[in-house]
2 protein chains.
Amino acid sequence: MIGADEMTTRSKNGKVRVIIENVQPQVDSGLYPAKRTLGERVDVTADIFGDGHDHIRAQVMYKEAGSTVWNVLEMNHLGNDHWLGSFTVTNKVPYVFTVRAWIDHFDTWFDGFKKKAAAHVDVKVELMEGVEFLKVLAKDDSRLLSSASRLQEEYTKAVAYVLSDEFARLVHDHPLVEHEATFEKELTVVVEHKKANFSAWYELFPRSASLDGKHGTFKDVIKLLPRVAAMGFDVLYLPPIHPIGKVNRKGKNNNVTSQPGEPGSPWAIGSDEGGHKAVHPELGTLDDYRRLIAEAKRLGIDIALDLAFQCAPDHPYVKEHPEWFKQRPDGSIQYAENPPKKYQDIYPFNFETDQWNELWEELKSVILFWIENGVKVFRVDNPHTKPIPFWAWAIAEVNKVHPDIIFLAEAFTRPKIMASLAKVGYTQSYTYFTWRVSKGEIIEYMNELVHGNSRNYFRPNFWPNTPDILPFHVQHQGENIFILRFALAATLSSNYGIYGPAYEFYDNVPMQGKEEYFNSEKYEVKKYDWKKTNRMTDIITMVNAARKNHPALQSTWNIQFCSIEDPNMLAFIKTTDDLSDSILVVVNLDPYAKHSGYVQVPRQRLKITEGINLKLHDLITDEYYTWTQEWNYVELDPYKMPFHLFKIEVHESFR
Amino acid sequence: MIGADEMTTRSKNGKVRVIIENVQPQVDSGLYPAKRTLGERVDVTADIFGDGHDHIRAQVMYKEAGSTVWNVLEMNHLGNDHWLGSFTVTNKVPYVFTVRAWIDHFDTWFDGFKKKAAAHVDVKVELMEGVEFLKVLAKDDSRLLSSASRLQEEYTKAVAYVLSDEFARLVHDHPLVEHEATFEKELTVVVEHKKANFSAWYELFPRSASLDGKHGTFKDVIKLLPRVAAMGFDVLYLPPIHPIGKVNRKGKNNNVTSQPGEPGSPWAIGSDEGGHKAVHPELGTLDDYRRLIAEAKRLGIDIALDLAFQCAPDHPYVKEHPEWFKQRPDGSIQYAENPPKKYQDIYPFNFETDQWNELWEELKSVILFWIENGVKVFRVDNPHTKPIPFWAWAIAEVNKVHPDIIFLAEAFTRPKIMASLAKVGYTQSYTYFTWRVSKGEIIEYMNELVHGNSRNYFRPNFWPNTPDILPFHVQHQGENIFILRFALAATLSSNYGIYGPAYEFYDNVPMQGKEEYFNSEKYEVKKYDWKKTNRMTDIITMVNAARKNHPALQSTWNIQFCSIEDPNMLAFIKTTDDLSDSILVVVNLDPYAKHSGYVQVPRQRLKITEGINLKLHDLITDEYYTWTQEWNYVELDPYKMPFHLFKIEVHESFR
């Protein structure tokens, strides 16, 4: 039943009796690498078994790609033939790993010896066998040779020696490797820089950056940088900064015609003033933009560029490369549409053009152009409307030269497409968090992200709003839900972002019946009172500070939900692997009413073996609590503060 | 992020925009083939998607291995980018399949056209595009060319034509295949004969086959064949028929010493009278055994041989090939043990011998010897105590020459090992059914077997008892539980078996505290009154007749549980794909008390679109019922009959 080739391979050495299956992390049978960031743990698991009752030992073999030396790591049996070994990636290079396993006859013998001795069975022959094993293992190791001679001493002394702790350690430390099986594939883990996994994004339209309501400029954005930095953000994302199309320009509230002077949508890219490598003159010059990048960098902020691969009708590409667009039989160029809706201000590229190769190269050159001008973070607009193989190629090409670039996929689309974009190379992805509101929805979604296979390639970035999305549950709502949705985004996920001014200043007015903003900034210049801060600003600042100070909040993968019986109360814990930092978050999901409940302390996770004695410090309200019970009362009034952000310390004598 | 090789492959033709993932059935990334039997359906599923909103079409490509011509089968979108296409395997050869998919611009255009026309948008240019598509598709097809000319007629007529059913059929029938993606692997389905999936086994010890209590012979077994055939069994399985070891022979009730004249365990194979290719003289001659096979065959019964690859101390192999066994330092040969227990009547082979190759060849020759003597079915004793790679090789070797052999794995062990034996080639496997007793346990286990990935390689064979296992729930129990456990085994699974006389005659006496028989037939000759039949015999006969007459009962994979609210009542339906045969089974799992409940008719499965009008015929009690409601009352008194076995007929006007 098994293929002849496979059969032949397996029977090359008939003494190999161990089977290794289902080695993880593995993405699409190894077609794509698993992803980690610097300093993260890789939990390698496998199903490993053999015939009979002999004892198996298993090891993870791992190395940096290109190295010739394998690191070797003992695996532990978790039960049901499932094994685990963990290593940490400490260099920003791809790692290669596999698993090997064998039947350890020495260990098997040792286990049998102990059982027979306990049952008072004569073990004379077993002692002789032990001597043989030790001699095979010893080669020239004098310690093992002397151990062998101790097995040849007087019977009761020899038996006592084999039953000693010293001998057990010896067996553990000297695996007898024979006829080992090795998993048929070497799998890859790529390692990215820490920011891929830990970032806080603030989005603003540079044209709304002025203090006086006039069309803003890069210089105005530079003036806002200290404000953004003070709040604790490390990515400032600006919608497209390129010349905006003048033909079929959209007016206020997405009107199909615009009035003279209306600024249009920045996503309608290109005009006689230039295309994807140019800067919108009203925002300033390329030099201004570079200065913005440099100033931001000084404050620890990356400026994210919006990569929107589409053209306004007057984009220079349309004249220079009409072959990159779809020509209709009447000689016109195909505009974007979702029948019967038309988007006549946008021409999509025709990726099926015969000149696809030139088109791919040009788009790659756009990315490289901005990287050369200092950009390290790209937010990619609707990547799911461009071919996935194009992204696979373009991101791989960029990574070859610039390995530290972040690509955030703005694909609010069907799950398998979002997954595929992440697999082929996107660093981070927008998510369904925007619409996960109830306790059940949040727990289910987090468990899918963290415990599903997508954990190995899909890095979530949680956004409570975007310029495209004012979710129903926030519409016409007050401060409380803004605060609690922010707190969820920033603590559930180590990557998160907000469409800043609209969120900070509680813009809650939708287009009737839609999840879109009324008087959307996408089509007009807004005036914000950038000098103002409010309660939201303060909370953002405190939460971002907590994220920076607490490594436990710098990962999405370390979450564990805690039992709390109220359906409006959500509680979860995040800890570092070494438990040196532990955070407990409790959120009241009801913005209108006080709720309370008893939170169960996750003893196992905190490695609390005896009594409970936890010191809790709320990093927002600066209150202190002591918990000494397994279940602890928590009450949250959303009008006071809808969440707790506790630093937890376990009294050491109880670990 | 994606490997450079993969990236290059993908970018060979940049116009390919469709991604195909997760093609099923696929076992361990294609390392092993999926299994089907002749006439079974293969449901090929895949995740298929592209960028944007263009319409995708997908096809399963399949062929017999070695053929150069692909069959092509349209797939349907089930939702969430998951697609299905099904084909039936009609020849007993391996099939190869893969999936291809592409964006169909003609279909995309057609869909847009309909939406625009419905919204009263001008579609003049769209008509021109339609003409272009039809000309590309037409080549010399005059029908398509005339269709193109109709699109060039007067506007309203042309629009009406495109909106006609005729045109919709045309679009459906003429996929525009361009830039198709093909899944990167060709996967294999092996096709076995029908008996692999549908068999009823009766096990008896030939030494207990006589009518007078003397040591039975093959001739006695021949006399029992009409009885076994009348009950409807088609496999008669005899424990090992080889000479029984005389050294360290076990006595009654597994006593470590035997009295003179005690027959020993047939699994302690080999003596001075011969080994695995010999016949136990007390049973008769090899000729007698061949005659038994021939007589059985005339009655539609296969004689199953027990393959127990282990030796009694006096097996000829021990002298002839001491190198196949493990030598201990004191010069003795290692007997079987599970410390501190010793099994000194059994020497296991040492599969790690340097002469493993010779050992493998000899064991293969044992299998081939019995096949040459007429055996087509093997029940393999404890295959999980021999190396899995050996089985992979041995079964593949046998299959090359004799493709219709059945190997049943007697591996009552951990799940991954049972799965692995099935993957590498075992035709059927013993299961945990023996211990799945409650409603929840049975439903969960069936769903795991039928809907889990193991469906593609693991064929269950359900046994309510074996000579090794008298389950706790049957011990000291009466007729009712024997009947209901039999009914479950024979209707849940299309392969099942019983350790016959003990089951038929209600042997319910265990070794104290164990799931083993007291006075086990493994160690002594039993006298049965083979002339007797009883209620159990009659029910077995009727159930086996129903299985033979009803194709719905000849598959395990077609089961669907029906809602019935009582926790003691289990109901399930089995149907053929074409619904020409439908069986409903209802079982009262409580052997002590009457239970009742309302069974929900599975309308969707039965394709009942309007009112319900079902005719039910109980094939055991010969009672008739008519059901006209969705929920229908059923009552089962275990002292009358603990189960219904209904043939269902749907009144045709309601389909």
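What counts, and at which threshold
Residues numbered from 1 in each chain as written. Chains lettered and ligands numbered in written order. Predicted model: local features only at pLDDT ≥ 70, side-chain atom pairs only at ≥ 80, totals over all residues. Heavy atoms only, no water. Helix = DSSP H or I, 4+ residues; strand = E, 2+ residues; numbered from the N terminus. Buried < 20%, exposed > 50% of the residue type's maximum accessible area, 1.4 Å probe, protein only. Contact = heavy atoms within 4.5 Å. Lys, Arg positive; Asp, Glu negative; His and termini not counted. Charge placed at Lys NZ, Arg CZ, Asp CG, Glu CD. Salt bridge = Lys/Arg side-chain N within 4 Å of Asp/Glu carboxyl O. Buried area = accessible area lost by both parts, 1.4 Å probe. Polar contact = N/O pair within 3.5 Å; in protein donor to acceptor, adjacent residues only side chain to side chain. Nonpolar A, V, L, I, M, F, W, Y, C, P; charged D, E, K, R; others polar. Least-squares fit on C-alpha atoms with pLDDT ≥ 70 in both. Axes fitted to C-alpha atoms, helices over the stretch in contact; angles between N-to-C directions. Parallel < 35°, antiparallel > 145°, perpendicular 65-115°, else oblique.

Colleague: Explain the overall build of chain A to me, using residue names and the numbers behind them.
Modeller: Per the secondary structure count, chain A includes 17 helices and 30 strands. In terms of overall dimensions, chain A has a C-alpha envelope of 105 × 65 × 45 Å along the principal axes. Across the 655 residues in chain A, those meeting the buried criterion constitute 61%. Put simply, of all contacts in chain A between residues at least 6 apart along the chain, 76% involve residues at least 24 apart. Taken as two groups, the 74 positive and 88 negative side-chain charges of chain A have centres that lie 3 Å from each other.

Colleague: Describe the pattern of salt bridges, naming the residues involved and giving the relevant values.
Modeller: Applying the stated rule across the entire model yields 91 salt bridges over all chains. A salt bridge links B:Arg455 to B:Glu40, with the nearest nitrogen and oxygen atoms 3.3 Å apart. One end of the pair, B:Arg455, is in the loop between helix H13 (439–451) and strand E21 (460–461); the other, B:Glu40, is in the loop between strand E2 (34–37) and strand E3 (41–49), and 415 residues separate them in sequence. B:Glu40 gets classed as buried once you look at its relative accessible area, which sits at 12%. When salt bridges with common partners are traced through the structure, they connect A:Lys116, A:Glu126, A:Glu129, B:Arg328 and B:Glu337 into a single cluster.

Colleague: Quick one: what's the story with the interface of chain B and chain A, residue by residue and with numbers?
Modeller: Contact residues are listed per partner, giving 78 residues for chain B and 78 residues for chain A. Approximately 7,100 Å² of surface area, both sides summed, lies buried where chain B meets chain A, with 58% of it carried by carbon and sulfur atoms. For the pair chain B and chain A, the number of links is 16 salt bridges. Run the count over chain B and chain A and you get 23 residue pairs in polar contact (both at pLDDT 80 or more). Looking at the side of chain B that touches chain A, the element that brings in the most residues is helix H11 (residues 388–401) of chain B, giving eight residues. Class assignment of the residues belonging to the side of chain B that touches chain A gives a composition of 29 nonpolar, 18 polar and 31 charged.

Colleague: Outline the relation of the copies chain B and chain A, supporting the account with residue identities and numerical values.
Modeller: In the superposition of chain B on chain A (RMSD 0.0 Å, axial shift 0.0 Å), the rotation amounts to 180 degrees. Look at the turn and shift together and you get a two-fold axis relating the two. Identified as the residue of chain B closest to the rotation axis by C-alpha distance is B:Ser29, at 3.2 Å. A share of 100% of interface residues in chain B that are also interface residues in chain A marks the association as one of identical surfaces.

Colleague: Describe the packing of helix H7 (residues 218–231) of chain A against helix H16 (residues 535–549) of chain A, with residues and values.
Modeller: For any two helices packed against each other, the geometry comes down to the angle between their axes and how far apart the axes lie. Residue and element names in this part refer to chain A. Across the interface, H7 lies against H16 with an axial gap of 7 Å and an inter-helix angle of 60 degrees. One finds that H7 runs oblique with respect to H16. Across from Arg-227, Ala-230 and Met-231 in H7, the residues of H16 making contact are Thr-537, Ile-540, Thr-541 and Asn-544. Taken together, the residues of the contact of H7 with H16 sort by class into three nonpolar, three polar and one charged.

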